[in-house]
Amino acid sequence: MSRWRLSAFEHPDFRGGGTVFSEPRHSAFILQYSCKPVHYPAQLLEAAEAVKTVRDHASEWHVQPAQIIIGGFSAGGHLAANLATAWCEPLLAQYYANPKQIRPDAVMMGYAVVSAADPTSHRCFNSLLGDGDQNQALLAETSVDLHVRSNTPPTFIWATTTDKRISVNNSLQYATALQHAKVPFALYLFPMGPHGLGMAIPEMARLADEPQPAADVQQWPALFLDWVQEVVTQKKRVRLILP
């Protein structure tokens with residue numbers, strides 16, 4: 001059975017990252033989505049419903065309905081990209097008569113899983129698809145780089161080149177797809193850092209077996225906010241962060 005929960009924060013705090021996203025103009029929602037043994041497309045439907053829920057309650061929750069950003073790290077980054085590329089596809093059209101209800105306005109992907117063809121992604125696709133992880137049609141359907149179109153939302157991507165768990169090639173493939181589709185994007189690749197850095201603060205680095213995140217990778221939240229300011233360009237912003 002699929003279960004999900006959307007939590008709102010007046011002063012956003014993502015795993016100790018409140019100093020990054022705690023400015024009054026930012027509102028944060030954390031989606032706790034279903035994982036194994038619940039399989040695709042449950043997670044995609046939950047992400048779509050989360051975006052719709054925030055948009056439907058925009059006035060009540062004091063957010064701008066046309067400025068909803070969905071973001072995630074690793075498998076959560078895949079989910080963010082999955083919704084960004086599938087919001088107008090037939091699968092979701094079965095549930096939403098108006099696909100614009102579920103379209104995020106921008107995307108943030110941190111060291112994200114992208115392609116089933118990448119050897120480092122196999123375990124993630126097994127968790128996502130279960131017994132369907134040998135189904136070539138399903139693998140193609142969930143390899144998000146294959147579904148980037150001109151209507152894919154603008155995307156901010158970051159990763160480290162030394163990530164041994166999820167290869168940086170995933171980020172490169174998605175950025176290449178965005179470029180071919182002429183979708184605005186920013187790509188930041190940092191030379192050092194393991195998988196799982198999250199907000200790149202000391203607490204997250206220790207969880208990733210690093211005593212301290214490298215100085216350069218600690219810049220990514222500020223770079224992201226600068227990008228949001230340039231691309232979204234209005235006063236109120238919403239974050240959907242998929243842990």
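Look above for the structure.
Residues numbered from 1 in each chain as written. Predicted model: local features only at pLDDT ≥ 70, side-chain atom pairs only at ≥ 80, totals over all residues. Heavy atoms only, no water.

Another aspect to go through is the packing of aromatic side chains. On inspection of all chains with the given rule, the structure shows 13 aromatic pairs. Summarising the aromatic geometry, the rings of Y111 and W158 are spaced 5.3 Å apart at their centres and angled 90 degrees between planes, so their arrangement reads as edge-to-face. Highlighted residues: Y111 in the loop between β4 (106-110) and α5 (122-129) and W158 in strand β5 (residues 155-160), separated in sequence by 47 residues. A residue is classified by how much of its surface remains accessible, and Y111, at 6% relative accessible area, is buried. Taking the relative accessible area as the measure of exposure, W158 reaches 0% and is therefore buried. Measuring from centroid to centroid gives 6.2 Å for W220 and F224, while their planes differ by 50 degrees, and the two rings are tilted. (Phe/Tyr/Trp six-rings, centres within 6.5 Å; stacked < 30°, edge-to-face > 60°. Helix = DSSP H or I, 4+ residues; strand = E, 2+ residues; numbered from the N terminus. Buried < 20%, exposed > 50% of the residue type's maximum accessible area, 1.4 Å probe, protein only.)

The next thing to look at is helix α3 (residues 75-86). For α3, spanning twelve residues, the distance from its first C-alpha to its last is 16 Å, which sits close to the expected 16 Å at 1.5 Å a residue. Of all twelve residues in α3, eleven are buried, a share of seventy percent or more. Considered for burial, the residues of α3 that qualify are G76, G77, H78, L79, A80, A81, N82, L83, A84, T85 and A86. (Expected span 1.5 Å × (residues − 1).)

Let us look at the nonpolar core. The biggest cluster of nonpolar side chains holds 44 residues, and the ones touching the most others in it are I70, L83, L92, M109, F125, V148 and Y174. When residues of this core are traced back to their parent elements, those giving at least two are β2 (26-32), α1 (42-56), β3 (68-73), α3, β4, α5 and α7 (169-180). For F125, the residues in contact, after removing those within four places along its chain, are H78, V113, V114, S115, A116, G130, D133, L139, T142 and S143. Core analysis: the next-biggest nonpolar cluster, separate from the first, contains 23 residues, M199, W220, L223 and F224 among them. (Core = buried A, V, L, I, M, F, W, Y, C linked by side-chain atoms within 4.5 Å. Contact = heavy atoms within 4.5 Å.)

Okay, the side chain of N170 next. Checked against the element boundaries, N170 lands in helix α7. Owing to a relative accessible area of 0%, N170 belongs among the buried residues under this scheme. A polar contact of 3.0 Å, which involves the side chain of N170, links it to the backbone nitrogen of V114. Discounting residues that sit within four places of it in the chain, N170 has contacts with A112, V113, V114, S115, D118, T120 and S121. (Polar contact = N/O pair within 3.5 Å; in protein donor to acceptor, adjacent residues only side chain to side chain.)

Here we come to the side chain of H78. Of note, H78 is situated in helix α3. The residues contacting H78, other than those within four sequence positions of it, are A112, V113, V114, F125, L128, T142 and V144.

Put simply, K36 and P37 share a cis peptide bond, and its omega is 15 degrees. Along the polypeptide, P37 turns up in the loop between β2 and α1. In this model, Y40 is joined to P41 through a cis peptide bond whose omega is 10 degrees. Note that P41 resides in the loop between β2 and α1. Of note in this structure, K182 is not a glycine but carries a positive phi near 60 degrees. Relative to the elements of secondary structure, K182 occurs in the loop between α7 and β6 (185-190). The exposure class of K182 is exposed, given its relative accessible area of 73%.

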